[in-house]
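Listed here are the chains, written in short residue letters.
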Protein chains: 2
Amino acid sequence: MEVDEVVCLPRLSRVAVCGGTHGNELSGVYLVRELLKARKEAMEKKKEEEEEEEPASVLMVLSNPRATQHCRRYVDADLNRCFTHATLNGPVSDMAPYEMVRARELNTLLGPKGSGEAVDLVCDLHNTTANMGLCLIAYSDCDWICLHIFRHLQRQMPDVPMRFIHFDVSRKESYSLDSVGKHGFAMEIGPQPHGVVRSNIYTAMKDGVQHMLDWIHSFNSGTTFEGGFVDVFTMVKHIDYPRDGQTHDITAAIHPELQDRDFCLLHPEDALFQTFSGETLRYKGIEPLFPFFVNECAYYEKGIALSLARKRHVMIPAVRVQTEAEQQTDEQGFASEEE
Amino acid sequence: MEVDEVVCLPRLSRVAVCGGTHGNELSGVYLVRELLKARKEAMEKKKEEEEEEEPASVLMVLSNPRATQHCRRYVDADLNRCFTHATLNGPVSDMAPYEMVRARELNTLLGPKGSGEAVDLVCDLHNTTANMGLCLIAYSDCDWICLHIFRHLQRQMPDVPMRFIHFDVSRKESYSLDSVGKHGFAMEIGPQPHGVVRSNIYTAMKDGVQHMLDWIHSFNSGTTFEGGFVDVFTMVKHIDYPRDGQTHDITAAIHPELQDRDFCLLHPEDALFQTFSGETLRYKGIEPLFPFFVNECAYYEKGIALSLARKRHVMIPAVRVQTEAEQQTDEQGFASEEE
C-alpha cells in the first residue's frame, strides 16, 4: 500500500466508555463498575510509584443510575432516544422525564454533541436478548475509526461472532448516546436476558472494550493500520409482530425456524412467525435480507419483532494519527471555517 | 398389580389454569389468553350444535393483570409469595400492596385455601431464565395426583427435559398461588428471558397443559393408572451471589462451567462463580447436589444465585377415581371428622 493512500486522522485524546444507559442491561453496568474500581486501585498504587503518562483519557460513565438502581430499562423514557438535536436543545420544564434531564447532563459531560469540545469517541455498552453475538452499531458506514476498531476486534476475538451494523440516520436525527462523541458506536452483545449477567457475555464485553482501548493506544502512538474490507449491515426496515386489531396484543411469536438465527439470510416465503394457535406466517418481502434484533425484549413496545439489513462489502483506507504539525494545520482550517 | 393396591381418590371436578401470576413471564399470559379465545369460539359454535357434557370445569385465570399490563413481575409485591395463611387472613389496610388485595380475590375465586370449597387442582404457569426445561414444582412428594400427572407428561413429551421439584414447606407456610387448590403445582418452563415469548417454550407449555387436561379427563372417566417410580428433586438450600459488603452489589456471575447446567450434579470444588475481575470461586459444600434455578433473573433481588436439591426415587401407587359410592362414604367421613 502506498503512503499517499494513508488517511491521517486527529488523535483520540478523550474516550468515554458508558454502561447502564439501559438500566437492566447488566454487562455494561458491572463492567463500568469494575473498570472504575480497577482504576481507583491502580491510582492508589501509582501514588506510591512514579507517575505514568496516560495515552488517552478514558472516562467511565454510568449513564442512567436511577434506572440501574431499579434494574429497569428506563424510569420515564428511553434515555437512548433522547440525544436528537431537537430533544437536547428544546425547552425543558420541571415536569420533564428524568431521562430528558439526564440526557442534557450527559451532553454537557461528553459533548456538546456536534461541537469541537465533544469527546473523541463514545463506546456505549448494551445487551440484547437476540442471538447477535457482538455488534458495533453506528450511524456511519465511512467512519474509518469505528470501522478500524471493528476490524481489530474481529481479528483479536475470532471466536466471537461479530458484525458492524449501520443505521442510516443523519447526525441531527441520530438519537443515541454514542452520537454525542466525534466518533461513536454502541457495543451490543447477546444473547442475554435483561436483568441477568452471564459470564460469557460479560467476558466478551470486557475483552471487546480492552481491545478497543489497545487499538486507540496504538493509533495514538503513531501506528499505521493497513486498509482492507469489512462487511457492513445497513438497516433497511423493521417488521412488527402480528397484532390483534382491537387490543393491539401480539398474536404470534417469532417462528422457531427464525428464532436465534440473527444474520442468517431470510428469503421470501421463509417462516417468520408462529401464531399462538399454531399457524405459520411467512416472509412476504421480495428481497432476501439479513434479520437482526430477532425477538429483542425491549422492542415489543416499540413495535419491532426483527430488523432487516442489506450486507455490503466496504473498503476502508489505511489510517494513522496526524502528526502535531498536521493537527495544527487542521485546527487552523477548522478555525477559519468557523469564521 | 393387585386391585387392593390401587389408591382411590376424589374426582377432579374443578381445575384452574393460571397465567401471568408474574406479569413478565409471557408463555402463560399468551397461553391463557389463547385458551380463553379458543373456548369462546368453541362455545359460540356449540350453541348451534348439541350440548356436550364437560368432563371437568376448567377455569382459566389471568392472575396479575396489572403487572401483566406493565410487563413486570409485580407492581408492589411478589404475588406468588402472598398466599400464606398469615397473609391471606391477616388485617388489610387501604394502603395494602396491590398484590395482597389481588391474592385475596384469587383466594375467594379458587379457594378458600385449605377448605372443601377450593378447586381440586391449580396449575400455575411460570417461566424462568434458567435452563430448566419443564418442571412441576410442588410442596408435597406424596401427592399422587401431581406425581401421576408429572409421569404422564414425561411419557407424552419425551423430547422435553422434565423434572419434579419438591419444596418441603408446610401447607400453612406455603406461599404460592398453586397452594390454594386441593392439589396444585407450578409448571415452570425455561430458558426464556422475562418479557419475551419464544415459540418453542410456548409450545412446550401448551402441550404440557393439554396433556395434563387429557390425564384429568381420563382419570375422571375411571381409568386406572399403574404405579411406578419417579425422580423427585427436593430443595435443600439456596446459594446467594458473592456481594460487596458495603454496597451489597454482586461481585461475581455464575461460572461459565455452571451456567445452563441445571440438574447436572455439582460436586465439591466444582466452579460456582466467576468474579468480575476474573477469579473462579468454587463450591465448598461437602455433598454433591443438583443445581437448579441457576441465574434466574427474578432471584437476584431475593439473594438466590442458584438452588440445590437432593434427588430421590419415589414410589407412586396405582390410582383411580373414587366411585360415587366411595365418594359419598368419604364425604360422610369428612363430615363426621369435622364434627
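Draft legend 1. Seen up close, the overall build of chain A. Each helix and strand in chain A was counted, giving seven helices and 14 strands. Along the longest, intermediate and shortest principal axes, the C-alpha atoms of chain A span 65 × 50 × 45 Å. For chain A, with 339 residues in total, the buried portion stands at 52%. Of the contacts formed within chain A by residues at least 6 apart in sequence, a portion of 76% connects residues at least 24 apart. When the accessible surface of chain A is summed, it comes to about 15,800 Å², and 50% of that surface belongs to carbon and sulfur atoms. The positive charge centre, built from 34 side chains, and the negative charge centre, built from 52, are 4 Å apart in chain A.

Draft legend 2. Main features of the pattern of salt bridges. Scanning the model with the defined rule gives 26 salt bridges over all chains in all. Here D240 of chain B and R243 of chain B are joined by a salt bridge, their closest N and O atoms 2.9 Å apart.

Draft legend 3. Quick peek at the domain arrangement of chain A. All names here are of chain A. When cut into domains, chain A gives domain 1 (12–46 + 53–227 + 317–329) and domain 2 (236–307). When each unit is reduced to the centre of its C-alpha atoms, the spacing between domain 1 and domain 2 is 29 Å. The interface of domain 1 with domain 2 comprises 16 residues on the first partner and 14 residues on the second. Across the domain 1/domain 2 interface, buried area totals approximately 1,200 Å², and carbon plus sulfur atoms make up 58% of it.

Draft legend 4. Layout of the sheet that holds strand β10 (residues 271–275) of chain B. All names here are of chain B. One open sheet accounts for three strands, arranged β9-β10-β11; its pairing is antiparallel. Sheet topology places β9 (252–254) and β11 (280–282) at the edges, where each strand pairs with a single neighbour. Ignoring which end each strand starts from, the neighbouring axes of this sheet average 35° apart. Bridge count for β10 against β11 is three bridges, and the pairing is antiparallel. Across the sheet, A271 pairs through a bridge with R282, a residue of β11.

Draft legend 5. A look at unusual backbone geometry. All names here are of chain A. Residues G111 and P112 are joined by a peptide bond in cis, for which omega reads 0°. Positive phi, close to 70°, is recorded for F263, a residue that is not glycine. We classify F263 as buried; its relative accessible area is 8%. Despite not being glycine, E269 shows a phi value in the positive range, around 75°. In this fold, E269 is placed in the loop between β9 (252–254) and β10 (271–275).

Draft legend 6. The arrangement of the environment of Y139 of chain B in detail. All names here are of chain B. Along the chain, Y139 falls in the loop between β5 (133–138) and α5 (144–156). In this structure Y139 comes out as buried when scored by relative accessible area, which is 18%. Each C-alpha atom of the pair Y139 and H183 lies 9.6 Å from the other, and the pair is 44 residues apart in sequence. Setting aside its immediate chain neighbours within four residues, Y139 contacts H166, F167, V169, S174, Y175, S176, D178 and S179. A polar contact of 3.2 Å, which involves the side chain of Y139, links it to the backbone nitrogen of Y175. Among the polar contacts made by the side chain of Y139, one reaches the side chain of S176 at a distance of 2.6 Å.

Draft legend 7. Summary view of the packing of aromatic side chains. Residues and elements named next belong to chain B. Counted according to the given criterion, the structure contains 28 aromatic pairs over all chains. Relative to F263, the ring of F233 lies with its centre 4.9 Å away and its plane at 65°, an arrangement referred to as edge-to-face. Here F233, found in strand β8 (residues 228–239), pairs with F263, found in the loop between β9 and β10; they are 30 residues apart in sequence, far enough to count as distant. Across the pair, F263 and F233 agree in class, each one buried.

Draft legend 8. Geometry of the relation of the copies chain B and chain A. In screw terms, the move from chain B to chain A is a rotation of 180° and a rise of 0.0 Å along the axis, fitting with an RMSD of 0.0 Å. Here the transformation between the copies is reduced to the relation of a two-fold axis. For chain B, the smallest separation between a C-alpha atom and the rotation axis is recorded for P193 of chain B, amounting to 2.4 Å. Same-surface contact between copies: 100% of interface residues of chain B are shared with the interface of chain A.

Draft legend 9. Main features of the packing of helix α5 (residues 144–156) of chain A against helix α6 (residues 199–220) of chain A. Residue and element names in this part refer to chain A. For the pair α5 and α6, interaxial distance at closest approach is 9 Å and the crossing angle is 125°. Regarding the angle of α5 to α6, the classification is oblique. When you trace α5 past α6, the crossing you get is right-handed. On α6, the residues that touch I145, H148, I149, H152, L153 and Q156 of α5 are G208, H211, M212, W215, I216 and F219. Looking at side-chain class alone, the contact of α5 with α6 contains seven nonpolar, five polar and no charged residues.

Conventions and cut-offs
- Residues numbered from 1 in each chain as written.
- Chains lettered and ligands numbered in written order.
- Predicted model: local features only at pLDDT ≥ 70, side-chain atom pairs only at ≥ 80, totals over all residues.
- Heavy atoms only, no water.
- Helix = DSSP H or I, 4+ residues; strand = E, 2+ residues; numbered from the N terminus.
- Buried < 20%, exposed > 50% of the residue type's maximum accessible area, 1.4 Å probe, protein only.
- Contact = heavy atoms within 4.5 Å.
- Areas by Shrake-Rupley, 256 points an atom, 1.4 Å probe, with all protein chains shown as cover.
- Lys, Arg positive; Asp, Glu negative; His and termini not counted.
- Charge placed at Lys NZ, Arg CZ, Asp CG, Glu CD.
- Salt bridge = Lys/Arg side-chain N within 4 Å of Asp/Glu carboxyl O.
- Domains from an automatic or database assignment.
- Buried area = accessible area lost by both parts, 1.4 Å probe.
- Pairing = 2+ DSSP bridges.
- Axes fitted to C-alpha atoms, helices over the stretch in contact; angles between N-to-C directions.
- Polar contact = N/O pair within 3.5 Å; in protein donor to acceptor, adjacent residues only side chain to side chain.
- Phe/Tyr/Trp six-rings, centres within 6.5 Å; stacked < 30°, edge-to-face > 60°.
- Least-squares fit on C-alpha atoms with pLDDT ≥ 70 in both.
- Parallel < 35°, antiparallel > 145°, perpendicular 65-115°, else oblique.
- Left-handed = near helix turned anticlockwise from the far one by under 90°.
- Nonpolar A, V, L, I, M, F, W, Y, C, P; charged D, E, K, R; others polar.

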